[in-house]
Amino acid sequence: MTALFRRINPAQKFRITKHQIAKLLRISSSLIVKIESWLYVTFIHRLDKGGQFISYRQMEQWKNAIACQRQKCSTKQQLQHLWNAIERDRTKHNSQYPDSVVPFLKNIWAQCLLTAA
């Protein structure tokens, strides 16, 4: 578990709905039987496949949580610490980050640089 993951704590803080999961998986919400939030992943019970694991990092809430962490930073040092945590997490779990998150993270970093200047 990375520092960023501990900081965000998705298993405790994310409220995940069938609609959100269905949108992410591009399936009908009627195919979702049950959603279980585990420590590191979400387990989706599906009618058509049995079950499927989804990384919290693939969810829209992950981006929102990073943005929220960014807003909590008030000093250059805090911003740098957050960015270092983001980079370590992304490096370690790169395959769990969808391509759409990378531009978002770069935007966060650009904001950090502007704030620090």
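Every value quoted in this text rests on a predicted model; they were computed, and no experiment measured them.

A word on the environment of W83
Tracing the backbone shows W83 in helix α5 (residues 76–92). With a relative accessible area of 10%, W83 lands in the buried category. The contact partners of W83, leaving out residues within four places of it in the chain, are L105 and W109.

Topic: helix α4 (residues 60–72)
The α-helix winds at 3.6 residues per turn, so residues separated by three or four positions along the chain end up facing the same way. Look at α4: 19 Å from first C-alpha to last across 13 residues, which is about the 18 Å you get at 1.5 Å a residue. For α4, every residue scored as buried is listed here: Q61, W62, K63, A65, I66, Q69 and R70.

Concerning the layout of surface pockets
Its volume calculated, the largest pocket comes out at about 420 Å³. Along the wall of the largest pocket there are 20 residues; nearest its centre are Q20, L24, Q58, M59 and E60. The set of elements that each furnish at least two residues to the lining of the largest pocket consists of α3 (18–25), β3 (50–55) and α4. At six residues, α3 tops the list of elements feeding residues into the lining of the largest pocket. Of the residues in the lining of the largest pocket, the class split is nine nonpolar, seven polar and four charged.

Quick notes on the pairing of strand β1 (residues 32–37)
Regular strands place side chains that alternate from one sheet face to the opposite one. Bridging between β1 and strand β2 (residues 41–46) involves five bridges; their strand directions are antiparallel. Looking across to β2, one finds that S37 is bridged to T42. Hairpin connection of β1 to β2: three residues between the antiparallel strands.

What about the packing of α4 against α5?
Packed helices, taken two at a time, are described by their axes: the angle between them and the distance between them. The N-to-C vectors of α4 and α5 enclose an angle of 155°; their axes lie 9 Å apart at closest approach. One element, α4, and the other, α5, form an angle in the roughly antiparallel class. Contacts from W62, I66, Q69, R70 and K72 in α4 reach Q78, L79, L82, I86 and D89 in α5.

Considerations on the sheet that holds β3
Sheets are built from strands paired through backbone hydrogen bonds, the pairs being either parallel or antiparallel. Strands sit in the order β1-β2-β3 across an open sheet of three strands; the sheet is antiparallel. Taken across any chain shown, the strands that pair with only one partner, and hence form the sheet edges, are β1 and β3. In this sheet, adjacent strand axes meet at a mean angle of 20° when their direction is disregarded. Bridging between β2 and β3 involves six bridges; their strand directions are antiparallel. Across the sheet, R46 pairs through a bridge with G50, a residue of β3. Packing of α3 onto the sheet brings it into contact with β1, β2 and β3, and relative to β1 it is tilted by some 100°.

Some thoughts on α5
Between its first and last C-alpha, α5 extends 24 Å over 17 residues, near the 24 Å set by a 1.5 Å rise per residue. Among the residues making up α5, those that are buried are L79, L82, W83, A85, I86 and D89. Down the axis of α5, the sector holding all buried residues measures 160°, keeping them to one side. Along α5, exposed side chains directed more than 90 degrees from the buried face belong to K76, Q77, T91 and K92.

Calculation criteria
Residues numbered from 1 in each chain as written. Predicted model: local features only at pLDDT ≥ 70, side-chain atom pairs only at ≥ 80, totals over all residues. Heavy atoms only, no water. Helix = DSSP H or I, 4+ residues; strand = E, 2+ residues; numbered from the N terminus. Buried < 20%, exposed > 50% of the residue type's maximum accessible area, 1.4 Å probe, protein only. Contact = heavy atoms within 4.5 Å. Expected span 1.5 Å × (residues − 1). 1 Å grid on protein atoms, 1.4 Å probe; cavity = no way out; pocket = protein on both sides within 12 Å on 5 of 7 lines; lining within 4 Å. Points joined across faces, edges and corners; volume = space filled by probe spheres on them. Nonpolar A, V, L, I, M, F, W, Y, C, P; charged D, E, K, R; others polar. Pairing = 2+ DSSP bridges. Axes fitted to C-alpha atoms, helices over the stretch in contact; angles between N-to-C directions. Parallel < 35°, antiparallel > 145°, perpendicular 65-115°, else oblique. Arc of directions from axis to C-beta.

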